[in-house]
Amino acid sequence: MSAVIIQDVTKVYGEGHTAVKALCNASLNLDDNEFLALLGPSGSGKTTLLSVIGGLLAPTAGTVTVGNIILTGLSKKEQTRFRANRVGFVFQGFNLVPFLTARENMTVMASISDMSRVEIEQRADQLLEELGLTARRGNLPEQLSGGERQRVAIGRALVTDPDLILVDEPTASLDTELGTQVVKLLASEIKSRGKAGIMVTHDLRMVEFTDRTVRILDGELLNGDDSATVS
Amino acid sequence: MQLAFAEILRRRGRWVSIIGAVAFIVFLVLVLAALADGLFIGMTGALRTGNADALVYSRDGRRSLVRSVLPISDLSSVAAVEGVADAGALGLLLATAATGADSFDIAVVGHLPEHAGEPKRLVEGRRPELGELFVGLADVSLRAEGISLGDSVTLTGSSEPVEVVGFVQDSQYLLADTLWVSLDTWERLRFELRPETIGLGSVVQAFPILVDEGADVDTVAAAVDRALMTTETITTDQAILSLPGVEQQQSTFTAIIVVSFVVVGIVIALFFALITLEKRGQFAILKAIGSSNPFLLQGLLVQALIATAAGYALGFGLSRLLALALPSTVPVAFLLSTALSLFLATVVMGALGAVFSFRRIVRIDPASALGGEA
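Model, not experiment: these values are computed from the prediction.

Peer 1: How should the overall build of chain B be read in this particular structure?
Peer 2: When you go through chain B residue by residue, the secondary structure sums to 10 helices and 13 strands. A globule of 374 residues ought to have a C-alpha radius of gyration of about 21 Å, yet chain B, at 29 Å, is considerably larger. Each of the three principal axes of chain B carries a C-alpha extent, and together these read 95 × 50 × 30 Å. Going through the 374 residues of chain B one by one, you find that 50% of them count as buried. Per element, the accessible surface of chain B, about 16,500 Å² overall, is 61% carbon and sulfur. If the 25 positive side-chain charges of chain B are averaged to one point and the 36 negative ones to another, these points end up 18 Å apart.

Written out as structure tokens, the structure reads:
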């Protein structure tokens, strides 16, 4: 079953002479238990596509369906709720809340999502163990290494048991070895849970850990809708 | 909540600075308010202590207790007006008294015992018996002049000392100590001290009145003036504001206090504006992962509440310390009601300051969390 269906999505920024087409008739299907790499140079539209799929941006035209939710036409409030409950984000850099401990960075989702605090706390403890962070659960981000911070970020993305994990340049601020470890870990966490995942990257070395690679250039998916394969 | 508390606990340095800034402004405001209250109380006690609803002045006295002169014979006409439940009399004699080598200003107030205008708050001793001459009630402020129960106060120019048989509270007149005596005693003292007024006969400065229960004070006041033709009757509140300097003093202090509160709001607003700017990326991330604007506003308000409440508590403590150190001659009054209303004002200004920053947070685009912009 398709976890994400993108049909003829176009996104235009600005109007008239200043209009910039960031996405052009993009179509893409993503199945459950599939981890996809979105590969493209800077300014190619990959972040815009990720934003549209994550309910952060509304497309100018076309439809985006995640699970059974059609994102097109959702109000801002509904978009917020969708992001809190159905999507897990792993951002570029680490982007943890600096004054929350590793565990609190995960349990903060109890105040944001619809899941109960008890359930979130149980899941957070389980994830901390799986990610090898139990001993570091009470540490603030500044006391964690780069790899540990990224693992906390992965834990935060998974703690609400979302349908879809969106990953933005996870290796941008990590060295090759650490970057590889993090992407491998991401791939294994996503696959072991049977989730759908999309990773935006421009690092060709990382695509080997994904199921499929889709290239994007000037807002067009080069091998998108037909699910054509790898780099 | 979790976010709001954790940030304050783990980023103590910056929060201590904002709490300190609020504390100093609150301290300033509380001291100013205590001075304003102290001055107001000290200046207006004589008019408030009698619990009168209104005061009858002579029209040519133009609402001034010292300028107003009313023949005591008019009292029965005032008492007879419909709606007047009780009428008393107030006579004012500004004099000098001496205890040993020191002399001090004193306001001798003549009144009709057991009638409107009589000082109500007896804190020590007894009230003079009806018809008892040259005994009186002293304001507690006279204790600072060394006067105790049973002592006699001799007015400069008078041969008859007045024995203090009781102390009353909150009955000063324009910050002067007061001595409350019966109208008979007062008249004898007046004739002795101001022989030039003997020709005026039995006169007083005002008739304090109580109106019937449920009667409208303004309506009764107008009825008194219609009946007597030569009077101007005003409510006690109006009479208080007509005392020289009281209204001006109140408005000056109020202006300073209001400006200080605006400063509290601006300080909090600037502080939150700065941290909002600094946390822009963090807010973008929080919004991207599903934090709603009301959730973020709640956190902001909780932080503003903590900062202002803690600042207030500290400022309050400092003002109490100052109160202990101030000499008793400084007219300050730290009133619970003032402290509570200033607390509310501080918290409200803090919340307004925080809300001002919230507008910026609302404008942060959650999409900016992606692409390494945050």
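Peer 1: How should I be thinking about the overall build of chain A in this particular structure?
Peer 2: Check the secondary structure of chain A and you find seven helices and 10 strands. By the compact-globule yardstick of 17 Å for 231 residues, chain A fits well, its C-alpha radius of gyration being 17 Å. If you take every contact in chain A between residues at least 6 apart in sequence, the share linking residues at least 24 apart comes to 71%. Here chain A displays about 9,500 Å² of accessible surface, and carbon together with sulfur accounts for 47% of that area. The averaged location of the 29 negative side-chain charges in chain A is 4 Å from the averaged location of its 23 positive side-chain charges.

Peer 1: Help me understand the side chain of K11(A), please; the structure alone is not making it clear to me.
Peer 2: Among the structural elements, K11(A) can be located in strand β1 (residues 2–13). One buried charged side chain, K11(A), makes no salt bridge at all; its nearest oppositely charged neighbour is D365(B), positioned 8.4 Å away. When sequence neighbours within four positions are dropped, the list of residues in contact with K11(A) reads V20(A), K21(A), A22(A), L23(A), T48(A), L57(A), A58(A), P59(A) and T60(A).

Peer 1: Can you walk me through the confidence of the model for chain A in this structure?
Peer 2: A low pLDDT score tells you not to read the predicted coordinates there in detail. All names here are of chain A. Here chain A shows a mean pLDDT of 88. Residues at 70 or above account for 95%. Of all the helices and strands in chain A, helix α7 (residues 176–192) carries the lowest mean pLDDT, 87, while helix α3 (residues 102–107) carries the highest, 95. Across residues 225–231, where pLDDT falls below 50, the model places 14 contacts with residues more than four positions away in sequence or in other chains.

Peer 1: What am I meant to see in the packing of aromatic side chains here?
Peer 2: Aromatic ring pairs are reported here in terms of the distance separating the ring centres and the angle at which the planes meet. Residue and element names in this part refer to chain B. Summed over the entire model, instances satisfying the criterion amount to six aromatic pairs over all chains. Ring centres of F271 and F272 lie 5.6 Å apart, and the angle between their planes is 85 degrees; on these two criteria the pair is classed as edge-to-face. Both residues of the pair, F271 and F272, belong to the buried class. Considering the side-chain rings of Y312 and F316, the 6.2 Å spacing of their centres and the 20 degrees angle between planes classify their relative orientation as stacked. Here F316 and Y312 lie together in helix α9 (residues 293–325), a separation of four residues that amounts to about one turn. For Y312, a relative accessible area of 8% translates into the label buried. Members of the aromatic cluster, connected to one another through ring pairs, are W15, F271 and F272. Over the ring of F167 we find R143, and its NZ or CZ is 4.6 Å from the ring centre. The ring of F334 carries the charged tip of R320 above its face, separated from the ring centre by 4.9 Å.

Peer 1: What is the right way to read the packing of helix α6 (residues 146–158) of chain A against α7(A) from this model?
Peer 2: Pairs of packed helices are described in terms of their axes, by the angle between the two and the distance that separates them. Residues and elements named next belong to chain A. At their nearest, the axes of α6 and α7 sit 10 Å apart, and the two run at 20 degrees to each other. Taken together, the axes of α6 and α7 lie roughly parallel to each other. The handedness of the crossing between α6 and α7 comes out as right-handed. Residues G146, G147, Q150, R151, I154 and L158 of α6 lie in contact with α7, whose contacting residues are L178, V182, L185, L186 and E189. Split by residue class, the contact of α6 with α7 holds six nonpolar, three polar and two charged.

Peer 1: Quick question: what am I supposed to make of the interface of chain B and chain A here?
Peer 2: Buried accessible area, meaning the area lost when the parts come together, often serves as the stated size of an interface. Between chain B and chain A, the residue contacts involve 24 residues of the former and 28 residues of the latter. Around 2,300 Å² of area is buried between chain B and chain A when both sides are counted, 66% of it from carbon and sulfur atoms. The largest share of the area that chain B buries against chain A comes from Q2(B), I289(B) and L370(B), three residues that together contribute 30% of it. For R10(B), the salt bridge identified is with E104(A), shortest N-O distance 2.5 Å. Applying the counting rule to chain B against chain A returns four residue pairs in polar contact (both at pLDDT 80 or more). Listing elements by their share of the side of chain B that touches chain A, those giving two or more residues are α1 (2–10) and α8 (280–288) of chain B. When the residues that make up the side of chain B that touches chain A are grouped by side-chain class, the tally is 12 nonpolar, seven polar and five charged.

Peer 1: Please clarify how the nonpolar core should be interpreted in this entry.
Peer 2: Across soluble globular proteins, nonpolar side chains show a tendency to be buried alongside one another. L38(A), I53(A) and F272(B) are the most contacted members of the largest nonpolar core, which has 114 residues in total. Ranked by residue count, the leading element in this core is helix α2 (residues 12–48) of chain B, at 12 residues. Sequence-distant contacts of L38(A), that is, excluding residues within four places in its chain, are made with K46(A), L49(A), I198(A), M199(A), V200(A), T201(A), V214(A), I216(A) and L221(A). The next biggest cluster of nonpolar side chains, apart from the first, holds 38 residues, and it includes A89(B), I147(B), F207(B) and I209(B).

Peer 1: What is the right way to read helix α10 (residues 336–363) of chain B from this model?
Peer 2: In an α-helix, one full turn covers 3.6 residues, which means residues spaced three or four apart are oriented alike. Relative to the 40 Å expected for 28 residues at 1.5 Å per residue, α10(B) spans 41 Å between its end C-alpha atoms, a close match to the ideal helical length. The elements touched by buried residues of α10(B) are α2, α7 (246–278), α8 and α9 of chain B.

Peer 1: What is the right way to look at the environment of A138(B) in this model?
Peer 2: Residue and element names in this part refer to chain B. Here A138 is to be found in strand β7 (residues 135–139). Residue classification places A138 among the buried positions, given a relative accessible area of 0%. A138 has contacts with V164, G166, F167, V168, T178 and L179, leaving out every residue within four places of it along the chain.

Peer 1: Sorry, what's going on with the sheet that holds strand β4 (residues 61–66) of chain A here?
Peer 2: Whether parallel or antiparallel, the strands of a sheet pair through hydrogen bonds between backbone atoms. All names here are of chain A. Reading across the sheet, the four strands line up as β2-β1-β4-β5 and stay open at both edges, with antiparallel pairing between neighbours. In the strand order of this sheet, the two ends are held by β2 (20–31) and β5 (69–70), each with one partner. Across two bridges, β4 lies against β5 in antiparallel orientation. Residue V66 lies in a different strand from β5, and its bridge partner there is I69. Relative to the sheet, helix α1 (residues 46–53) contacts β1, β2 and β4, its axis offset from that of β1 by approximately 120 degrees.

Cut-offs and rules
- Residues numbered from 1 in each chain as written.
- Chains lettered and ligands numbered in written order.
- Predicted model: local features only at pLDDT ≥ 70, side-chain atom pairs only at ≥ 80, totals over all residues.
- Heavy atoms only, no water.
- Helix = DSSP H or I, 4+ residues; strand = E, 2+ residues; numbered from the N terminus.
- Rg over C-alpha atoms; globule rule 2.2 N^0.38 Å.
- Buried < 20%, exposed > 50% of the residue type's maximum accessible area, 1.4 Å probe, protein only.
- Areas by Shrake-Rupley, 256 points an atom, 1.4 Å probe, with all protein chains shown as cover.
- Lys, Arg positive; Asp, Glu negative; His and termini not counted.
- Charge placed at Lys NZ, Arg CZ, Asp CG, Glu CD.
- Contact = heavy atoms within 4.5 Å.
- Salt bridge = Lys/Arg side-chain N within 4 Å of Asp/Glu carboxyl O.
- pLDDT = per-residue confidence, 0-100.
- Phe/Tyr/Trp six-rings, centres within 6.5 Å; stacked < 30°, edge-to-face > 60°.
- Lys NZ or Arg CZ within 6 Å of the ring centre and 35° of its normal.
- Axes fitted to C-alpha atoms, helices over the stretch in contact; angles between N-to-C directions.
- Parallel < 35°, antiparallel > 145°, perpendicular 65-115°, else oblique.
- Left-handed = near helix turned anticlockwise from the far one by under 90°.
- Nonpolar A, V, L, I, M, F, W, Y, C, P; charged D, E, K, R; others polar.
- Buried area = accessible area lost by both parts, 1.4 Å probe.
- Polar contact = N/O pair within 3.5 Å; in protein donor to acceptor, adjacent residues only side chain to side chain.
- Core = buried A, V, L, I, M, F, W, Y, C linked by side-chain atoms within 4.5 Å.
- Expected span 1.5 Å × (residues − 1).
- Pairing = 2+ DSSP bridges.

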